[in-house]
Amino acid sequence: PAQLRGGATSISDGQIAGFLSGTTLAFDASPAVLWNSPTAAPIDITPSAAYAAQANSVSHGWQAGNSGIDSGIDYRLCASVWHGTAASWENLAASLPSIPDRSWLDNGTHSIWTDGTVLNVAGWANSQRLGGIDFATHAFLWTRPNCYANCVYSTQPPTLTEIGRAPCRERV
């Protein structure tokens, strides 16, 4: 069997988030994984729609990271949230707002945290002017309730707040 390699990217409340490589998949097709203890077997939380993923942060049973998704035109990195399983995957990129004359490109997450009531995910998204070559990176904070009144982990879209934008730059 292939030797497993990968990395731990975040540890919180006994859970460890990260990724594996050296599996039967190509290097760029590494799965996002979660360990429930340092000695536990990794749990693959890569969504079925993704060719690769990485969990970047973990907090109180929630994980945030990035998933590589086929957009129909090319492959895009998408901001992702999980609650311990691949089936619980949420594509945060789906909640990015429309921007006149711009289209969204890759996006992802850096961190996740919760106070037990509100789930917060910090991340970024790149945009491109339609028909142009200038690019911008936007900072985002996705927020939503941890659990709705009936305590079913709903897929209701989160509230999205753009907290900054890097100046446009031309791609060389």
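Residues numbered from 1 in each chain as written. Predicted model: local features only at pLDDT ≥ 70, side-chain atom pairs only at ≥ 80, totals over all residues. Heavy atoms only, no water.

**Looking at the environment of Gly 108**
With respect to the element layout, Gly 108 can be found in strand S9 (residues 102–114). A residue is classified by how much of its surface remains accessible, and Gly 108, at 0% relative accessible area, is buried. If near-sequence neighbours (up to four positions away) are discounted, Gly 108 is found in contact with Asn 66, Ala 79, Gly 123, Trp 124 and Trp 142. (Helix = DSSP H or I, 4+ residues; strand = E, 2+ residues; numbered from the N terminus. Buried < 20%, exposed > 50% of the residue type's maximum accessible area, 1.4 Å probe, protein only. Contact = heavy atoms within 4.5 Å.)

**Here's the deal with the nonpolar core**
Soluble globular proteins: nonpolar side chains tend toward being buried together. In this structure, Val 81, Leu 92, Leu 96, Ile 112, Val 121, Phe 140 and Trp 142 are the most contacted members of the largest nonpolar core, which totals 17 residues. The set of elements that each furnish at least two residues to this core consists of strand S6 (62–70), strand S7 (75–82), S9, strand S10 (118–129) and strand S11 (134–145). Excluding residues within four positions of it along the chain, Ile 112 makes contact with Ser 57, Val 58, Ser 59, Trp 62, Gln 63, Ala 64, Val 81, Leu 119, Asn 120 and Val 121. (Core = buried A, V, L, I, M, F, W, Y, C linked by side-chain atoms within 4.5 Å.)

**Quick word on the pairing of S11**
As judged from the 11 bridges shared by S10 and S11, these two strands associate in the antiparallel manner. Across the sheet, Ala 122 pairs through a bridge with Leu 141, a residue of S11. The hairpin turn running from S10 into S11, its antiparallel successor, is four residues long, and Gly 131 in that turn takes a positive phi close to 75 degrees. (Pairing = 2+ DSSP bridges.)

**Observations concerning the packing of aromatic side chains**
One pass over the full model with this rule turns up three aromatic pairs. Relative to Tyr 75, the ring of Tyr 51 lies with its centre 4.8 Å away and its plane at 75 degrees, an arrangement referred to as edge-to-face. Of the two residues, Tyr 51 sits in strand S5 (residues 50–59) while Tyr 75 sits in strand S7, which places them 24 residues apart along the sequence. The exposure class assigned to Tyr 75 is exposed, which follows from its relative accessible area of 52%. (Phe/Tyr/Trp six-rings, centres within 6.5 Å; stacked < 30°, edge-to-face > 60°.)

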